[in-house]
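Each chain, written out:
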Amino acid sequence: MESARIARCSYRAVTVMIALSEHSKYVDICNEICLRFKELKVGSYELTYSLPEHPTCLLQSDMDMHLMLMCLSMLKISFVDILVKDLVSSNNEDGDHTTSNQAASNHESSNHSASNHKASNHSASNHAVSNQEASNLSASNHVASSSCMVENSAIDENEHLDNSRLHESIAYLSEGWKEYINHEGQKFVGGVIEFRNKLRKYAVGMGFRFVYQSNDKSRVIADCFKKKSDGCKWRVYASLCQANGFFYIRTLNNVHTCMGVGREKKSKMITSKMISSIVVDKIREKPSIKPIDIVKDFKQNYGLEISYYNAWYAKELAKSEVHGDESLSYSQLVWYRDALVSTNPGSSCVVECDPKTSRFRRLFVCYGACIEGFQWCRPLLFIDETFLKSKYKGQLIGATGKNGNQGFFPFAFAIVDSENKENWSWFFENLAKVLTPQGRTITFVSDHNKDVIEAVSNIFPTSHHAFCLNHLKEKLGSKYPPTNGKLFRDGIVERFMKCAHAPTEAAFEFNMRNLKEEGGAPVQTFLDNLPKENWSSAHFKGNRYGEMCKNASESFHSWILELCALPICQMLEGIRIKLMVMVSERSREAGQWCSVLCPEMEKTLSEMLTVGQHWNASRSSTSVFEVHAEVSVMVDLVNHFCSCHDWQIKGFPCAHALVAVQKNSGCMYDYIDDYFKLSYYRRSYATLISPIPDTKDMMHEGSEDVILPPLIKKGRPRTKTIKSVGKVPRAITCSRCGAVARHNKKTCTAKF
């Protein structure tokens, strides 16, 4: 048995905690209850305690105490609830019977006092013996009954012990609310707001409702909701102290005389404001938390049920408290733009609004550190967009590169009101302003989007544009209805993949014939508007370094996902801080590396050497070799060429090339692009992002530029990205016509 346990003794609407030990006696707990509840006297109440499946166990003697502690030990429960009931109120219905019994007892007592002393002593002796026998019999029966209960509980525990029994011993976080209102003179430093909040939580914890009789900034008076119906006397009066601004409880009648006071799982006193005060810290840590998670958290940790709407609205209130009003955030953009450019020289930050209405339209950001660092990364940018989850919606367009260690390198991003041709052109125009001075030919990787295609061809005419292979696979799969079967669609997509990865034009044509023959008309229609120069490795004119998909941009959007629900200025500041920390951390890590290549590329180099360690090479000329692998291939070291075409496609020596380098007794690092080397990686993170001084008022003083938030439709903003058109929906079998199509029996139009 454990040395100490806690008894939660409840009398009317008040609960006190009493420590129990294995040596506790019945009289000890009775004395403690009378000490804590001044209106109670020994013998004026009865005690019952609850155990799992036994909610009303009597507690009347030391034997009961011993058995209760034994049960708590066997069930491994640290807390026990003890209910204190008035004997008078519980025996009201038998009042007349009690009075007549008392009169009879008094009459009998007077008769006994008239008898002689010997007879009296003899009678008293017999009476004592009789009482002792009855007491022993009663104790024996009680022990047998209690022993049976303990035995049954033990058996039940062994047979049915599960998590539900353990949950009953868990103290909910809302248990502490019962101590929020306790005595006259209690101080509330937060003023009326803190007092109202704690008063409401106290009512929820104690299980009653109240109504305000007076409720303003300087005075609050509240009565029990059942004052009119049951005449309950519970009442609290608190007011403001002008000297210090604190709120004090002036008078408090903390005893309920109404019936039915008890904790409710779904209390009407729970409001969105109260929920907001509880979840505000979670919103600060995780802005993207879902309302359904708030509902589950309240059920699990507080033992309370709240509606989804209350949770959603509470989240919005908490967001406003933490990050401020979203509409005001747009008016801070001018200040933020100037602060960013002044603290981070070389940065580009462009803010545009409607000249007639002054409403926000779009914003472009590219930090000077990113512009400088991108010069030491491969000339490759991945373009993608994602929905914002804030009140005013919009979309975020990102241009992301890749560093020498195969990690994503955030370069630039824009926030636009919608995805259209004009905004895409505007985004690439701003990209051109920061990329053109570098004098490099950039390869862009994006979805097959006609607005993006047109913008790239017009603004970057010498650049190369590659389509994301994953996006093309989804679009091709959508050309075939579910009736064709998943196996058939997967086979077509697999043939298309072979065409995309084919290293030579001959291999491409061979796989293309198989694709068209198997795919039929849908494949031909799909390929008609899809130039092979934009997706086929064999026909691509630029250098995409083996990057067939826009995974880097998707990684960037996942990285900032939680920030997309914040007001615009707070989102910009959140992205800046994440970038600042990332650049600093990667710069610090790179200073500790001591290899020639970046760690990931050193690992790749080691794997390639392992693949070709048993191959032989024959020299043909000074720089040309024939490598004898599964098949013989030609390697030209001067032109960085291998007939397997892997070196040319990926920009990194293949296993054949490394065997030829070793045969030539050359240095392998001389044949590897500088973009993969540690020296370039360090330079890409040499320029750091500077902090922006914090200020409580970010309004741009003295500026006539006032930016208003964009107009939005009513309703909650979209929080989930729309599925791509390439996603194949689940097949539905109509129970009326039996067809596998996109309808059911309610929408079936088949005629019989």
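Note: the structure precedes this text.
Everything quoted here is computed from the prediction, not taken from an experiment.

Calculation notes
Residues numbered from 1 in each chain as written. Predicted model: local features only at pLDDT ≥ 70, side-chain atom pairs only at ≥ 80, totals over all residues. Heavy atoms only, no water. Pairing = 2+ DSSP bridges. Helix = DSSP H or I, 4+ residues; strand = E, 2+ residues; numbered from the N terminus. Axes fitted to C-alpha atoms, helices over the stretch in contact; angles between N-to-C directions. Contact = heavy atoms within 4.5 Å. Buried < 20%, exposed > 50% of the residue type's maximum accessible area, 1.4 Å probe, protein only. Core = buried A, V, L, I, M, F, W, Y, C linked by side-chain atoms within 4.5 Å. Salt bridge = Lys/Arg side-chain N within 4 Å of Asp/Glu carboxyl O. Phe/Tyr/Trp six-rings, centres within 6.5 Å; stacked < 30°, edge-to-face > 60°. Lys NZ or Arg CZ within 6 Å of the ring centre and 35° of its normal.

So, the sheet that holds strand β16 (residues 443-446)
Consideration 1: Strand order in the open sheet formed by seven strands is β11-β12-β15-β14-β13-β16-β17, with mixed pairing between adjacent strands. Both outer strands of the open sheet, β11 (348-353) and β17 (464-467), are each paired with one neighbouring strand and no more. Between one strand and the next, the sheet's axes are offset by a mean angle of 20 degrees, whatever the strand orientation.
Consideration 2: Taken together, the four bridges between strand β12 (residues 360-366) and strand β15 (residues 408-416) define a ladder with antiparallel strand orientation. Opposite F364, over in β15, you have A414 as the bridge partner.
Consideration 3: Packed onto the sheet, helix α15 (residues 421-435) meets β11, β12, β13 (380-387), β14 (395-402), β15 and β16 and runs at close to 25 degrees relative to β12.
Consideration 4: Across the sheet, helix α22 (residues 568-592) is in contact with β12, β14 and β15; its angle to β15 comes to roughly 170 degrees.

Things to note about the pairing of strand β20 (residues 632-636)
Consideration 1: Where strand β19 (residues 624-628) and β20 come together, five bridges link them in antiparallel fashion. The residue bridging V627 from the neighbouring strand is V633, located in β20.
Consideration 2: Between β19 and β20, which follow one another and run antiparallel, lie three residues.
Consideration 3: Taking the residues that link successive antiparallel strands as the turn, the β20-strand β21 (residues 641-642) hairpin has four residues, and the phi of H640 there is positive, at about 50 degrees.

Focus on the pairing of β14
Consideration 1: With respect to burial, β14 is a largely interior element, eight of its eight residues being buried.
Consideration 2: Here β14 shows a buried face lined by Q395, I397, A399 and G401 and a second buried face lined by L396, G398, T400 and K402.
Consideration 3: Both β14 and β15 contribute to a ladder of eight bridges, which runs antiparallel. Across the sheet, residue I397 finds its bridge partner in β15, namely A414.
Consideration 4: In sequence, β14 turns back onto β15 through a hairpin of five residues, with Q406 there showing a positive phi of about 70 degrees.

What to know about the nonpolar core
Consideration 1: Core analysis: the largest hydrophobic core is formed by 103 residues, its most contacted members being L333, F411, F427, F428 and L431.
Consideration 2: In terms of residue count, α22 provides more of this core than any other element does, nine residues in total.
Consideration 3: Other than its neighbours up to four places away in sequence, L333 contacts V351, F360, L363, I568, C569, L572 and I707.
Consideration 4: By size, the runner-up hydrophobic cluster in this structure holds 41 residues, among which are V204, W234, F247 and I278.

What about the side chain of T48?
Consideration 1: Considering the arrangement of structural elements, one finds T48 in strand β3 (residues 45-51).
Consideration 2: Its relative accessible area of 8% is what places T48 among the buried residues.
Consideration 3: If near-sequence neighbours (up to four positions away) are discounted, T48 is found in contact with C57, L58, L59, D81, I82 and L83.

Description of the pattern of salt bridges
Consideration 1: For the coordinates displayed, the defined rule picks out 22 salt bridges.
Consideration 2: Close ionic contact of E585 with R588 constitutes a salt bridge, the shortest N to O distance being 2.8 Å. Remark: R588 and E585 occur in helix α22; sequence separation between them is three residues, near one turn of the helix.
Consideration 3: On the basis of relative accessible area, E585 is assigned to the partly exposed category, the value being 35%.
Consideration 4: In this structure R588 comes out as partly exposed when scored by relative accessible area, which is 42%.
Consideration 5: Here the salt bridges do not stand alone but share partners, grouping E352, R361, R362 and E422 into one network.

Thoughts on the sheet that holds β19
Consideration 1: Taken in spatial order, the four strands of this open sheet run β18-β19-β20-β21, and their pairing is antiparallel. Each end of this open sheet is capped by a strand with a single partner; those strands are β18 (616-619) and β21.
Consideration 2: Bridge count for β18 against β19 is four bridges, and the pairing is antiparallel. Among the inter-strand pairings, R619 is bridged to a residue of β19, identified as F625.
Consideration 3: Sheet strands in contact with helix α25 (residues 655-663) are β18, β19, β20 and β21, and its direction is about 120 degrees off that of β19.

What to know about unusual backbone geometry
Consideration 1: A positive phi angle is found at Q406, which is not glycine, with a value near 70 degrees.
Consideration 2: Looking at where Q406 falls in the secondary structure, it is placed in the loop between β14 and β15.
Consideration 3: Positive phi is not limited to glycine here, since S665 has a value of about 60 degrees.
Consideration 4: Take S665: it is sitting in the loop between α25 and α26 (678-684).
Consideration 5: By relative accessible area, which is 67% here, S665 ends up exposed.

Re the packing of aromatic side chains
The geometry of an aromatic ring pair comes down to the distance between the two centres and the angle between the two planes.
Consideration 1: Considering all chains together, one arrives at 35 aromatic pairs under this definition.
Consideration 2: Seen from their ring centres, Y11 and F37 are 5.4 Å apart, and the 65 degrees between their planes marks the pair as edge-to-face. With a gap of 26 residues between them, Y11 in strand β1 (residues 4-11) and F37 in the loop between α1 (26-36) and β3 connect regions that are remote in the sequence.
Consideration 3: Among the residues examined, Y11 registers a relative accessible area of 5% and is labelled buried.
Consideration 4: With a centroid separation of 6.5 Å and 90 degrees between ring planes, the pair formed by F364 and W426 is classed as edge-to-face. Placement of the pair is F364 in strand β12 and W426 in helix α15, with a sequence separation of 62 residues.
Consideration 5: On the basis of relative accessibility, which here comes to 0%, the residue F364 falls in the buried class.
Consideration 6: An aromatic cluster of three or more residues is present, and its members are F364, W424, W426, F427, F428, F444 and F460.
Consideration 7: The ring of Y180 has K198 lying over it, and the distance from NZ or CZ to the ring centre is 5.2 Å.
Consideration 8: Stacked on the ring of Y545, the Lys or Arg R378 has its end atom at 5.7 Å from the ring centre.

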